[in-house]
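Here is how the chains run, residue by residue.
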Amino acid sequence: MDIEFLARFQFGMTTVFHFFFVPMSIGMAFAVAVMETMYVVKKDKIYKDMAKFWGNIFLIGFAVGVVTGIIQEFQFGMNWSEYSRFMGDIFGAPLAVEALLAFFMESTFIGLWMFGWDKFNEKLHLLFIWLVSIGTALSALWILAANSFMQNPVAYSINEATNRAELTSFVGLLKNHQLWVEYPHVLFGAIVTGGFVIAGSSAWKMLKNKDMEFFKKSMNIGLIIGLVGSILTIGAGHQQMIAVANDQPMKFAAMEGIYEDTSSPAPWNIIASIDTKDKETKWEISVPYLLTILGGEDKYIGMDQANKELHDEYDAKFGSEMDYYLPVKTLFWGFRFMAGFGSLMALMAIVGLYLLHKNKIQSMKWMLWLFVAGISFPFISNTFGWLVTELGRSPWTVYGLFTIADSVSPSVTATSLLISNIVYFLLFSVLGYVMFVFCKRAVKKGPYYVDPSEAKKDGIDPFAKGVL
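Described below are features of the structure shown in this document. All values reported here derive from a predicted model rather than from experimental measurement.

Criteria and cut-off values
Residue positions are given per chain, counting from 1 as you read along its sequence in written order. Per-residue local features of the predicted model are confined to residues with pLDDT of at least 70, and side-chain atom pairs are confined, for both listing and counting, to 80 or more; whole-chain, interface and lining totals are unaffected and use all residues. As a rule here, side-chain values cover all heavy atoms of the structure and leave hydrogens and water aside. Counting from the N terminus, the helices are DSSP H or I runs at least four residues long and the strands are E runs at least two residues long. Radius of gyration: over C-alpha atoms. The globule rule applied is 2.2 Å multiplied by the number of residues raised to the 0.38 power. Using the Shrake-Rupley algorithm and a 1.4 Å probe, accessible areas are obtained, with residue cover drawn only from the displayed protein chains. Residues enter patches when their relative accessible area tops 30% and they take part in no salt bridge; the joining distance is 9 Å for like charges and 5 Å for the nonpolar side chains Val, Leu, Ile, Met, Phe, Trp and Tyr. Salt-bridge detection follows one rule: a side-chain nitrogen of Lys or Arg within 4 Å of a carboxyl oxygen of Asp or Glu. Here the positive residues are Lys and Arg and the negative ones are Asp and Glu; neither His nor the chain ends is included. We put the charge of a Lys on NZ, of an Arg on CZ, of an Asp on CG and of a Glu on CD. When a residue's accessible area, from a 1.4 Å probe over protein chains only, is under 20% of the maximum for its type it is buried; when over 50% it is exposed; and in between it is partly exposed. Among buried residues, the Ala, Val, Leu, Ile, Met, Phe, Trp, Tyr and Cys ones that are joined through side-chain atoms within 4.5 Å form a nonpolar core. Note on definitions: a residue-residue contact is assigned when non-hydrogen atoms from the two residues lie within 4.5 Å. Only rings of Phe, Tyr and Trp enter the pairing, Trp through its six-membered ring, and a pair is recorded when the two centres are within 6.5 Å. The plane angle decides the type: under 30 degrees is stacked, over 60 is edge-to-face, the rest tilted. Simply put, an axis is a line fit to the C-alpha atoms, just over the touching stretch for a helix, and the angle between two N-to-C directions goes from 0 to 180 degrees. Our angle categories are set so that under 35 degrees counts as roughly parallel, over 145 as roughly antiparallel, 65 to 115 as roughly perpendicular, and the remainder as oblique. Crossing handedness: left-handed means the near helix sits turned counterclockwise from the far one by under a right angle, and right-handed means the same turn made clockwise. Following the grouping adopted for this structure description, the nonpolar residues are Ala, Val, Leu, Ile, Met, Phe, Trp, Tyr, Cys and Pro, the charged ones are Asp, Glu, Lys and Arg, and the polar ones are all others, Gly among them.

1. Side note on the overall build of the chain
Thought 1: Helix and strand content of the chain: 16 helices and six strands.
Thought 2: Against the globule reference of 23 Å for 468 residues, the chain gives a C-alpha radius of gyration of 24 Å, in line with a compact fold.
Thought 3: Along the first, second and third principal axes, the C-alpha atoms of the chain reach 80 × 50 × 40 Å.
Thought 4: Carbon and sulfur atoms make up 65% of the accessible area of the chain, which amounts to about 21600 Å² in all.

2. Points about a positive patch on the surface
Thought 1: Among the surface-exposed residues, Lys208, Lys210, Lys440 and Lys444 lie close enough to one another that they form a single positively charged patch.
Thought 2: If you trace the backbone, lysine 440 turns up in helix α15 (residues 414–445).
Thought 3: Residue lysine 440 is classed as partly exposed on the basis of its relative accessible area of 42%.

3. A few points about the nonpolar core
Here is a general trend for soluble globular proteins: nonpolar side chains tend to be buried in one another's company.
Thought 1: With 72 residues, the main nonpolar core has Trp54, Met219, Ile361 and Phe371 as its most contacted residues.
Thought 2: The element that contributes the greatest number of residues to this core is helix α2 (residues 45–79), accounting for 13 residues.
Thought 3: Residues contacting isoleucine 361, with those up to four places away along its chain left out, are Met206, Met219, Gly352, Leu355, Leu356, Met367, Leu368 and Phe371.
Thought 4: The next biggest cluster of nonpolar side chains, apart from the first, holds 33 residues, and it includes Ala245, Ala254, Leu326 and Phe332.

4. Notes on unusual backbone geometry
Thought 1: Between serine 264 and proline 265 the backbone carries a cis peptide bond, its omega angle lying at 0 degrees.
Thought 2: Its place among the elements puts proline 265 in the loop between α8 (249–256) and β3 (268–275).
Thought 3: Omega for the bond connecting serine 394 with proline 395 falls within 30 degrees of zero, at 10 degrees, which places this linkage in the cis form.
Thought 4: Along the polypeptide, proline 395 turns up in the loop between α13 (377–391) and β5 (396–398).
Thought 5: Of note in this structure, tyrosine 289 is not a glycine but carries a positive phi near 75 degrees.
Thought 6: One non-glycine residue, asparagine 359, lies in the positive phi region at around 60 degrees.
Thought 7: Classification of asparagine 359 by relative accessible area gives partly exposed; the value is 44%.

5. Considerations on the packing of aromatic side chains
Thought 1: For the structure on display, the rule yields 36 aromatic pairs.
Thought 2: Measuring from centroid to centroid gives 5.6 Å for phenylalanine 53 and phenylalanine 214, while their planes differ by 90 degrees, and the two rings are edge-to-face. Of this pair, phenylalanine 53 sits in helix α2 while phenylalanine 214 sits in helix α7 (residues 212–247), placing them 161 residues apart in sequence. Just as phenylalanine 53 is buried, phenylalanine 214 falls in that class too.
Thought 3: On the numbers, 5.0 Å between centres and 80 degrees between planes, the contact of phenylalanine 214 with phenylalanine 215 is edge-to-face.
Thought 4: On the basis of relative accessible area, phenylalanine 214 is assigned to the buried category, the value being 2%.
Thought 5: Ring pairing ties together the aromatic residues Phe17, Phe20, Phe21, Phe379, Tyr424 and Phe428, which thus form one cluster.

6. Some remarks on the environment of leucine 141
Thought 1: Checked against the element boundaries, leucine 141 lands in helix α4 (residues 122–151).
Thought 2: A residue is classified by how much of its surface remains accessible, and leucine 141, at 10% relative accessible area, is buried.
Thought 3: On a C-alpha basis, the gap between leucine 141 and leucine 187 in space is 8.8 Å, while along the polypeptide they are 46 residues apart.
Thought 4: In contact with leucine 141, not counting residues within four places along its chain, are Leu179, Trp180 and Tyr183.

7. Observations concerning α8
Note: α-helices contain 3.6 residues per turn, so residues at a spacing of three or four share the same orientation.
Thought 1: Counting buried positions over the eight residues of α8 gives seven, a clear majority of the element.
Thought 2: Every buried residue of α8 is listed here: Met250, Lys251, Phe252, Ala253, Ala254, Met255 and Glu256.
Thought 3: The first or second residue beyond α8 is glycine 257, which carries a positive phi of 65 degrees.

8. Points about the packing of helix α6 (residues 179–207) against α13
Thought 1: Following both chains from N to C, one finds α6 and α13 inclined at 160 degrees, their axes separated by 9 Å at the closest point. Here α6 is positioned roughly antiparallel relative to α13, judged by the angle of their axes. Note on packing geometry: the crossing formed by α6 with α13 is left-handed. Contacts between α6 and α13 involve Glu182, Gly189, Thr193, Phe196 and Val197 from the first element and Pro378, Phe379, Asn382 and Trp386 from the second.
Thought 2: Grouping the amino acids of the contact of α6 with α13 by side-chain chemistry returns five nonpolar, three polar and one charged.

Structural data, given as C-alpha coordinates:
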(Lines give C-alpha, C1' and ligand atoms only; values in the text may rest on other atoms or scores of the structure.)
Protein backbone atom coordinates (compact mmCIF):
# COMPACT_ATOMS: atom_id res chain seq x y z
CA MET A 1 0.00 0.00 0.00
CA ASP A 2 1.03 3.62 -0.56
CA ILE A 3 3.05 5.06 2.36
CA GLU A 4 1.77 8.60 1.90
CA PHE A 5 -1.86 7.41 1.89
CA LEU A 6 -1.38 5.36 5.07
CA ALA A 7 0.38 8.24 6.82
CA ARG A 8 -2.38 10.66 5.83
CA PHE A 9 -5.06 8.19 6.89
CA GLN A 10 -3.44 7.84 10.30
CA PHE A 11 -3.16 11.59 10.73
CA GLY A 12 -6.78 12.03 9.72
CA MET A 13 -7.97 9.26 12.05
CA THR A 14 -6.07 10.57 15.08
CA THR A 15 -7.02 14.20 14.42
CA VAL A 16 -10.72 13.56 13.88
CA PHE A 17 -10.98 11.31 16.94
CA HIS A 18 -9.07 13.78 19.12
CA PHE A 19 -11.25 16.60 17.85
CA PHE A 20 -14.35 14.83 19.15
CA PHE A 21 -13.17 15.69 22.66
CA VAL A 22 -11.51 19.09 22.24
CA PRO A 23 -14.71 21.06 21.50
CA MET A 24 -16.63 18.95 24.00
CA SER A 25 -14.13 19.82 26.75
CA ILE A 26 -14.12 23.53 25.87
CA GLY A 27 -17.92 23.69 25.61
CA MET A 28 -18.66 21.65 28.73
CA ALA A 29 -16.19 23.63 30.84
CA PHE A 30 -17.86 26.86 29.74
CA ALA A 31 -21.36 25.49 30.43
CA VAL A 32 -20.38 24.24 33.91
CA ALA A 33 -18.84 27.64 34.69
CA VAL A 34 -22.11 29.32 33.66
CA MET A 35 -24.11 26.96 35.89
CA GLU A 36 -21.90 27.56 38.91
CA THR A 37 -22.07 31.32 38.29
CA MET A 38 -25.86 31.08 38.40
CA TYR A 39 -25.60 29.23 41.71
CA VAL A 40 -23.34 31.90 43.23
CA VAL A 41 -25.62 34.71 41.97
CA LYS A 42 -29.04 33.14 42.63
CA LYS A 43 -28.16 30.96 45.66
CA ASP A 44 -30.39 28.23 44.22
CA LYS A 45 -28.91 24.83 45.06
CA ILE A 46 -30.15 23.22 41.85
CA TYR A 47 -27.53 25.15 39.88
CA LYS A 48 -24.81 23.82 42.18
CA ASP A 49 -26.15 20.32 41.56
CA MET A 50 -26.02 21.02 37.82
CA ALA A 51 -22.42 22.20 37.98
CA LYS A 52 -21.41 19.06 39.87
CA PHE A 53 -23.37 16.68 37.65
CA TRP A 54 -22.38 18.08 34.26
CA GLY A 55 -18.88 18.65 35.59
CA ASN A 56 -18.53 14.86 35.81
CA ILE A 57 -19.29 14.55 32.08
CA PHE A 58 -16.74 17.27 31.36
CA LEU A 59 -14.07 15.44 33.38
CA ILE A 60 -14.63 12.19 31.49
CA GLY A 61 -14.32 13.93 28.13
CA PHE A 62 -11.27 15.89 29.28
CA ALA A 63 -9.47 12.72 30.41
CA VAL A 64 -10.06 10.94 27.10
CA GLY A 65 -9.07 14.09 25.20
CA VAL A 66 -5.70 14.17 26.96
CA VAL A 67 -4.98 10.55 25.98
CA THR A 68 -5.96 11.07 22.33
CA GLY A 69 -3.89 14.28 22.20
CA ILE A 70 -0.79 12.41 23.34
CA ILE A 71 -1.35 9.81 20.61
CA GLN A 72 -1.77 12.53 18.00
CA GLU A 73 1.52 14.20 18.93
CA PHE A 74 3.28 10.82 19.05
CA GLN A 75 2.41 10.05 15.42
CA PHE A 76 3.97 13.33 14.29
CA GLY A 77 7.41 11.97 15.17
CA MET A 78 6.58 8.55 13.80
CA ASN A 79 5.19 9.42 10.37
CA TRP A 80 5.96 13.09 9.72
CA SER A 81 9.56 13.61 10.79
CA GLU A 82 10.44 15.66 7.70
CA TYR A 83 7.52 17.97 8.40
CA SER A 84 8.56 18.18 12.07
CA ARG A 85 12.09 19.06 11.02
CA PHE A 86 10.91 21.77 8.61
CA MET A 87 8.25 23.23 10.94
CA GLY A 88 9.82 22.54 14.34
CA ASP A 89 10.92 26.11 15.02
CA ILE A 90 7.46 27.45 14.14
CA PHE A 91 5.38 24.68 15.70
CA GLY A 92 7.50 24.42 18.84
CA ALA A 93 6.85 27.93 20.18
CA PRO A 94 3.02 27.87 20.40
CA LEU A 95 2.98 24.20 21.48
CA ALA A 96 5.43 24.97 24.29
CA VAL A 97 3.25 27.86 25.47
CA GLU A 98 0.17 25.62 25.24
CA ALA A 99 1.79 22.98 27.45
CA LEU A 100 3.45 25.32 29.95
CA LEU A 101 0.65 27.86 30.29
CA ALA A 102 -2.76 26.66 29.11
CA PHE A 103 -2.57 22.96 29.94
CA PHE A 104 -0.85 23.70 33.25
CA MET A 105 -3.68 26.09 34.10
CA GLU A 106 -6.34 23.54 33.13
CA SER A 107 -4.83 20.62 35.05
CA THR A 108 -4.06 22.66 38.19
CA PHE A 109 -7.45 24.30 38.56
CA ILE A 110 -9.39 21.18 37.56
CA GLY A 111 -7.95 19.50 40.66
CA LEU A 112 -8.78 22.45 42.90
CA TRP A 113 -12.30 22.60 41.45
CA MET A 114 -12.92 18.83 41.76
CA PHE A 115 -11.83 18.49 45.36
CA GLY A 116 -12.49 21.98 46.65
CA TRP A 117 -16.26 22.17 46.92
CA ASP A 118 -16.20 22.15 50.74
CA LYS A 119 -12.74 23.68 51.18
CA PHE A 120 -13.04 27.09 49.50
CA ASN A 121 -15.65 29.82 49.60
CA GLU A 122 -18.15 29.96 46.75
CA LYS A 123 -16.60 32.83 44.81
CA LEU A 124 -13.07 31.41 44.94
CA HIS A 125 -14.35 27.98 43.89
CA LEU A 126 -16.21 29.63 41.00
CA LEU A 127 -12.97 31.30 39.93
CA PHE A 128 -11.37 27.85 39.60
CA ILE A 129 -13.85 26.59 37.01
CA TRP A 130 -13.63 29.85 35.05
CA LEU A 131 -9.84 29.49 34.98
CA VAL A 132 -10.31 25.93 33.71
CA SER A 133 -12.65 27.22 31.00
CA ILE A 134 -10.21 29.97 30.03
CA GLY A 135 -7.39 27.41 30.01
CA THR A 136 -9.24 25.14 27.58
CA ALA A 137 -9.90 28.11 25.29
CA LEU A 138 -6.24 29.18 25.46
CA SER A 139 -5.12 25.65 24.57
CA ALA A 140 -7.13 25.92 21.36
CA LEU A 141 -5.61 29.35 20.66
CA TRP A 142 -2.01 28.10 20.69
CA ILE A 143 -2.79 25.00 18.64
CA LEU A 144 -4.64 27.09 16.07
CA ALA A 145 -1.77 29.58 15.93
CA ALA A 146 0.36 26.72 14.59
CA ASN A 147 -2.40 25.49 12.26
CA SER A 148 -3.02 28.99 10.94
CA PHE A 149 0.63 29.23 9.94
CA MET A 150 0.12 26.07 7.89
CA GLN A 151 -2.82 27.74 6.15
CA ASN A 152 -1.19 31.17 5.74
CA PRO A 153 2.55 31.30 6.57
CA VAL A 154 3.67 34.54 8.25
CA ALA A 155 6.59 35.86 10.34
CA TYR A 156 9.17 33.36 9.09
CA SER A 157 12.33 33.03 7.07
CA ILE A 158 13.79 29.99 5.30
CA ASN A 159 17.25 28.90 6.41
CA GLU A 160 18.80 27.87 3.11
CA ALA A 161 21.55 25.83 4.82
CA THR A 162 19.14 23.62 6.76
CA ASN A 163 16.00 24.05 4.59
CA ARG A 164 13.98 24.84 7.71
CA ALA A 165 11.38 27.50 8.39
CA GLU A 166 12.47 29.71 11.27
CA LEU A 167 10.24 32.01 13.30
CA THR A 168 11.19 35.68 13.03
CA SER A 169 8.47 37.13 15.28
CA PHE A 170 6.28 35.38 17.84
CA VAL A 171 3.99 38.41 17.90
CA GLY A 172 3.83 38.25 14.11
CA LEU A 173 2.69 34.63 14.37
CA LEU A 174 -0.18 35.73 16.61
CA LYS A 175 -1.10 38.57 14.25
CA ASN A 176 -1.84 36.10 11.45
CA HIS A 177 -5.29 37.14 10.18
CA GLN A 178 -6.08 33.48 9.48
CA LEU A 179 -5.82 32.77 13.23
CA TRP A 180 -8.41 35.41 14.08
CA VAL A 181 -11.02 34.00 11.74
CA GLU A 182 -10.24 30.35 12.51
CA TYR A 183 -10.08 30.63 16.31
CA PRO A 184 -13.53 32.21 16.89
CA HIS A 185 -15.09 29.68 14.51
CA VAL A 186 -13.62 26.76 16.49
CA LEU A 187 -14.32 28.33 19.89
CA PHE A 188 -17.98 29.13 19.18
CA GLY A 189 -18.45 25.68 17.63
CA ALA A 190 -17.15 24.19 20.89
CA ILE A 191 -19.68 26.21 22.88
CA VAL A 192 -22.44 24.78 20.66
CA THR A 193 -21.07 21.28 21.33
CA GLY A 194 -21.27 21.70 25.10
CA GLY A 195 -24.79 23.11 24.89
CA PHE A 196 -26.14 20.30 22.72
CA VAL A 197 -24.48 17.54 24.75
CA ILE A 198 -26.28 18.90 27.82
CA ALA A 199 -29.59 19.47 25.99
CA GLY A 200 -29.59 16.04 24.33
CA SER A 201 -28.61 14.18 27.51
CA SER A 202 -31.31 16.07 29.41
CA ALA A 203 -33.87 15.10 26.75
CA TRP A 204 -32.91 11.43 27.23
CA LYS A 205 -33.59 11.66 30.98
CA MET A 206 -36.86 13.52 30.37
CA LEU A 207 -38.01 10.64 28.18
CA LYS A 208 -37.58 8.43 31.23
CA ASN A 209 -39.43 10.98 33.39
CA LYS A 210 -36.48 11.22 35.80
CA ASP A 211 -35.61 14.34 37.84
CA MET A 212 -37.75 16.46 35.55
CA GLU A 213 -37.14 19.84 37.17
CA PHE A 214 -33.38 19.34 37.13
CA PHE A 215 -33.21 18.23 33.52
CA LYS A 216 -35.69 20.79 32.21
CA LYS A 217 -33.53 23.55 33.71
CA SER A 218 -30.42 21.84 32.35
CA MET A 219 -31.94 21.59 28.89
CA ASN A 220 -32.95 25.25 29.03
CA ILE A 221 -29.38 26.33 29.84
CA GLY A 222 -27.96 23.96 27.24
CA LEU A 223 -30.23 25.30 24.51
CA ILE A 224 -29.54 28.95 25.38
CA ILE A 225 -25.81 28.25 25.20
CA GLY A 226 -26.33 26.25 22.00
CA LEU A 227 -28.37 29.02 20.36
CA VAL A 228 -25.93 31.81 21.23
CA GLY A 229 -23.02 29.61 20.14
CA SER A 230 -24.76 28.72 16.85
CA ILE A 231 -25.39 32.34 15.92
CA LEU A 232 -21.79 33.30 16.75
CA THR A 233 -20.48 30.26 14.85
CA ILE A 234 -22.41 31.22 11.73
CA GLY A 235 -20.99 34.74 11.91
CA ALA A 236 -17.43 33.51 12.49
CA GLY A 237 -17.77 30.94 9.70
CA HIS A 238 -18.84 33.68 7.33
CA GLN A 239 -15.69 35.68 8.12
CA GLN A 240 -13.52 32.60 7.65
CA MET A 241 -15.13 31.91 4.28
CA ILE A 242 -14.18 35.40 3.10
CA ALA A 243 -10.59 34.84 4.27
CA VAL A 244 -10.41 31.48 2.47
CA ALA A 245 -11.60 33.08 -0.78
CA ASN A 246 -8.69 35.55 -0.56
CA ASP A 247 -5.93 33.24 0.76
CA GLN A 248 -6.80 29.89 -0.86
CA PRO A 249 -8.97 30.45 -3.95
CA MET A 250 -8.66 26.79 -5.01
CA LYS A 251 -10.12 25.63 -1.69
CA PHE A 252 -12.94 28.16 -1.97
CA ALA A 253 -13.74 27.13 -5.55
CA ALA A 254 -13.81 23.45 -4.51
CA MET A 255 -16.11 24.23 -1.57
CA GLU A 256 -18.50 25.88 -4.00
CA GLY A 257 -18.05 23.26 -6.75
CA ILE A 258 -17.13 25.77 -9.48
CA TYR A 259 -14.63 24.86 -12.21
CA GLU A 260 -15.25 27.93 -14.33
CA ASP A 261 -15.30 31.54 -13.15
CA THR A 262 -18.69 32.57 -11.79
CA SER A 263 -20.97 35.06 -13.42
CA SER A 264 -21.42 38.48 -11.87
CA PRO A 265 -23.15 38.67 -9.42
CA ALA A 266 -22.21 35.17 -8.28
CA PRO A 267 -24.87 32.54 -7.49
CA TRP A 268 -24.53 30.01 -4.67
CA ASN A 269 -24.87 26.29 -5.50
CA ILE A 270 -27.18 24.48 -3.09
CA ILE A 271 -26.47 21.09 -4.69
CA ALA A 272 -24.48 20.09 -7.76
CA SER A 273 -23.44 17.08 -9.82
CA ILE A 274 -19.65 17.26 -10.04
CA ASP A 275 -17.62 15.24 -12.55
CA THR A 276 -14.06 15.09 -11.19
CA LYS A 277 -12.82 13.04 -14.17
CA ASP A 278 -13.77 15.59 -16.82
CA LYS A 279 -13.42 18.45 -14.33
CA GLU A 280 -16.79 20.03 -14.81
CA THR A 281 -20.04 20.62 -12.95
CA LYS A 282 -22.76 18.78 -14.88
CA TRP A 283 -25.69 20.57 -13.28
CA GLU A 284 -26.48 22.56 -10.19
CA ILE A 285 -29.37 24.11 -8.31
CA SER A 286 -28.34 27.64 -7.40
CA VAL A 287 -29.64 30.70 -5.61
CA PRO A 288 -28.90 33.77 -7.75
CA TYR A 289 -26.80 36.55 -6.19
CA LEU A 290 -26.37 34.66 -2.90
CA LEU A 291 -22.62 33.96 -3.14
CA THR A 292 -21.99 37.64 -3.84
CA ILE A 293 -24.15 38.57 -0.83
CA LEU A 294 -22.35 36.06 1.42
CA GLY A 295 -18.81 36.67 0.21
CA GLY A 296 -18.99 40.33 -0.72
CA GLU A 297 -17.41 39.89 -4.18
CA ASP A 298 -19.18 40.19 -7.52
CA LYS A 299 -17.23 37.37 -9.13
CA TYR A 300 -15.10 34.39 -8.05
CA ILE A 301 -12.54 32.41 -10.00
CA GLY A 302 -13.14 28.69 -10.62
CA MET A 303 -10.81 25.77 -10.07
CA ASP A 304 -9.48 25.86 -13.65
CA GLN A 305 -8.27 29.45 -13.27
CA ALA A 306 -7.01 28.79 -9.74
CA ASN A 307 -5.04 25.80 -11.02
CA LYS A 308 -3.44 27.95 -13.75
CA GLU A 309 -2.48 30.66 -11.26
CA LEU A 310 -0.98 28.12 -8.86
CA HIS A 311 1.13 26.60 -11.62
CA ASP A 312 2.31 30.05 -12.68
CA GLU A 313 3.32 30.86 -9.11
CA TYR A 314 4.85 27.56 -7.94
CA ASP A 315 6.11 25.60 -10.97
CA ALA A 316 9.59 27.07 -10.62
CA LYS A 317 9.84 25.65 -7.09
CA PHE A 318 7.70 22.49 -7.14
CA GLY A 319 7.64 21.50 -10.82
CA SER A 320 4.89 21.50 -13.43
CA GLU A 321 3.72 17.95 -12.55
CA MET A 322 2.06 19.14 -9.32
CA ASP A 323 -1.69 18.50 -9.15
CA TYR A 324 -3.47 21.39 -7.48
CA TYR A 325 -7.01 20.09 -7.97
CA LEU A 326 -8.62 19.06 -4.68
CA PRO A 327 -11.08 16.29 -3.67
CA VAL A 328 -13.93 18.49 -4.84
CA LYS A 329 -16.88 16.32 -3.81
CA THR A 330 -15.53 15.93 -0.27
CA LEU A 331 -15.05 19.67 0.14
CA PHE A 332 -18.31 20.62 -1.57
CA TRP A 333 -20.51 18.29 0.45
CA GLY A 334 -18.39 18.59 3.59
CA PHE A 335 -18.96 22.33 3.63
CA ARG A 336 -22.70 21.85 3.18
CA PHE A 337 -22.93 19.23 5.93
CA MET A 338 -21.00 21.52 8.27
CA ALA A 339 -23.15 24.56 7.49
CA GLY A 340 -26.36 22.53 7.29
CA PHE A 341 -26.01 20.90 10.69
CA GLY A 342 -24.92 24.25 12.17
CA SER A 343 -28.06 25.95 10.88
CA LEU A 344 -30.22 23.01 11.99
CA MET A 345 -28.89 23.28 15.54
CA ALA A 346 -29.77 26.98 15.66
CA LEU A 347 -33.31 26.17 14.53
CA MET A 348 -33.63 23.29 17.00
CA ALA A 349 -32.48 25.53 19.86
CA ILE A 350 -35.11 28.17 19.01
CA VAL A 351 -37.91 25.58 18.78
CA GLY A 352 -36.75 23.76 21.92
CA LEU A 353 -36.63 26.95 24.00
CA TYR A 354 -40.12 27.91 22.81
CA LEU A 355 -41.52 24.48 23.76
CA LEU A 356 -39.79 24.58 27.13
CA HIS A 357 -41.23 28.03 27.79
CA LYS A 358 -44.71 26.74 26.90
CA ASN A 359 -44.12 23.64 29.07
CA LYS A 360 -44.96 21.36 26.12
CA ILE A 361 -41.72 19.58 25.27
CA GLN A 362 -42.02 16.83 27.90
CA SER A 363 -45.15 15.54 26.16
CA MET A 364 -43.54 15.54 22.68
CA LYS A 365 -41.49 12.35 22.68
CA TRP A 366 -40.49 12.64 19.03
CA MET A 367 -38.99 16.08 19.73
CA LEU A 368 -37.09 14.76 22.75
CA TRP A 369 -35.71 11.93 20.62
CA LEU A 370 -34.63 14.50 18.04
CA PHE A 371 -32.61 16.28 20.72
CA VAL A 372 -31.10 12.97 21.81
CA ALA A 373 -30.00 12.44 18.20
CA GLY A 374 -28.87 16.08 18.23
CA ILE A 375 -26.02 15.17 20.58
CA SER A 376 -24.20 13.94 17.47
CA PHE A 377 -24.91 17.03 15.34
CA PRO A 378 -22.11 19.31 16.62
CA PHE A 379 -19.62 16.43 16.34
CA ILE A 380 -20.68 15.86 12.71
CA SER A 381 -20.43 19.58 11.93
CA ASN A 382 -17.03 19.94 13.65
CA THR A 383 -15.63 16.90 11.82
CA PHE A 384 -16.71 18.05 8.38
CA GLY A 385 -15.36 21.51 9.14
CA TRP A 386 -11.92 20.10 9.89
CA LEU A 387 -11.98 17.90 6.81
CA VAL A 388 -12.68 20.95 4.65
CA THR A 389 -9.95 22.96 6.41
CA GLU A 390 -7.22 20.31 6.16
CA LEU A 391 -8.01 18.62 2.83
CA GLY A 392 -8.38 22.02 1.21
CA ARG A 393 -4.71 22.77 1.90
CA SER A 394 -3.46 19.99 -0.43
CA PRO A 395 -0.94 19.40 -1.86
CA TRP A 396 0.87 21.20 0.97
CA THR A 397 1.29 20.68 4.67
CA VAL A 398 2.44 24.31 4.82
CA TYR A 399 0.68 26.32 2.14
CA GLY A 400 3.05 27.23 -0.65
CA LEU A 401 6.15 26.12 1.26
CA PHE A 402 6.23 22.39 1.99
CA THR A 403 4.37 19.53 0.33
CA ILE A 404 2.67 16.51 1.86
CA ALA A 405 4.90 14.16 -0.15
CA ASP A 406 8.03 15.81 1.30
CA SER A 407 6.68 15.68 4.87
CA VAL A 408 6.52 11.90 5.37
CA SER A 409 9.22 10.19 7.44
CA PRO A 410 11.81 8.63 5.09
CA SER A 411 12.35 5.57 7.29
CA VAL A 412 8.70 4.62 7.81
CA THR A 413 7.45 1.54 5.95
CA ALA A 414 4.04 0.53 4.65
CA THR A 415 4.03 -2.47 7.01
CA SER A 416 4.75 -0.38 10.12
CA LEU A 417 2.10 2.15 9.10
CA LEU A 418 -0.48 -0.54 8.47
CA ILE A 419 0.19 -2.12 11.87
CA SER A 420 0.11 1.22 13.71
CA ASN A 421 -3.13 2.17 11.91
CA ILE A 422 -4.76 -1.04 13.09
CA VAL A 423 -3.45 -0.56 16.64
CA TYR A 424 -4.63 3.05 16.77
CA PHE A 425 -8.02 2.16 15.35
CA LEU A 426 -8.53 -0.55 17.97
CA LEU A 427 -7.28 1.77 20.73
CA PHE A 428 -9.61 4.56 19.65
CA SER A 429 -12.51 2.12 19.43
CA VAL A 430 -11.88 1.00 23.02
CA LEU A 431 -11.46 4.59 24.24
CA GLY A 432 -14.64 5.67 22.43
CA TYR A 433 -16.59 2.76 23.90
CA VAL A 434 -15.28 3.42 27.41
CA MET A 435 -16.12 7.11 27.05
CA PHE A 436 -19.66 6.31 25.90
CA VAL A 437 -20.23 3.78 28.70
CA PHE A 438 -18.98 6.10 31.45
CA CYS A 439 -20.98 9.07 30.18
CA LYS A 440 -24.13 6.99 29.77
CA ARG A 441 -23.68 5.53 33.25
CA ALA A 442 -23.18 8.98 34.78
CA VAL A 443 -26.26 10.42 33.06
CA LYS A 444 -28.31 7.31 33.89
CA LYS A 445 -27.54 7.63 37.60
CA GLY A 446 -28.76 11.20 37.58
CA PRO A 447 -27.77 14.09 39.81
CA TYR A 448 -29.06 12.65 43.11
CA TYR A 449 -27.71 9.12 42.97
CA VAL A 450 -26.40 7.83 46.30
CA ASP A 451 -24.03 4.88 46.29
CA PRO A 452 -25.58 2.06 48.39
CA SER A 453 -22.43 1.64 50.49
CA GLU A 454 -22.35 5.37 51.26
CA ALA A 455 -26.08 5.36 51.95
CA LYS A 456 -25.71 2.53 54.46
CA LYS A 457 -22.81 4.28 56.16
CA ASP A 458 -24.80 7.52 56.44
CA GLY A 459 -27.96 5.79 57.62
CA ILE A 460 -29.89 6.37 54.38
CA ASP A 461 -32.27 3.75 53.04
CA PRO A 462 -30.77 3.05 49.55
CA PHE A 463 -34.15 1.77 48.34
CA ALA A 464 -36.15 4.77 49.48
CA LYS A 465 -38.09 6.62 46.82
CA GLY A 466 -35.98 9.28 45.11
CA VAL A 467 -32.61 7.88 46.19
CA LEU A 468 -31.94 5.64 43.17
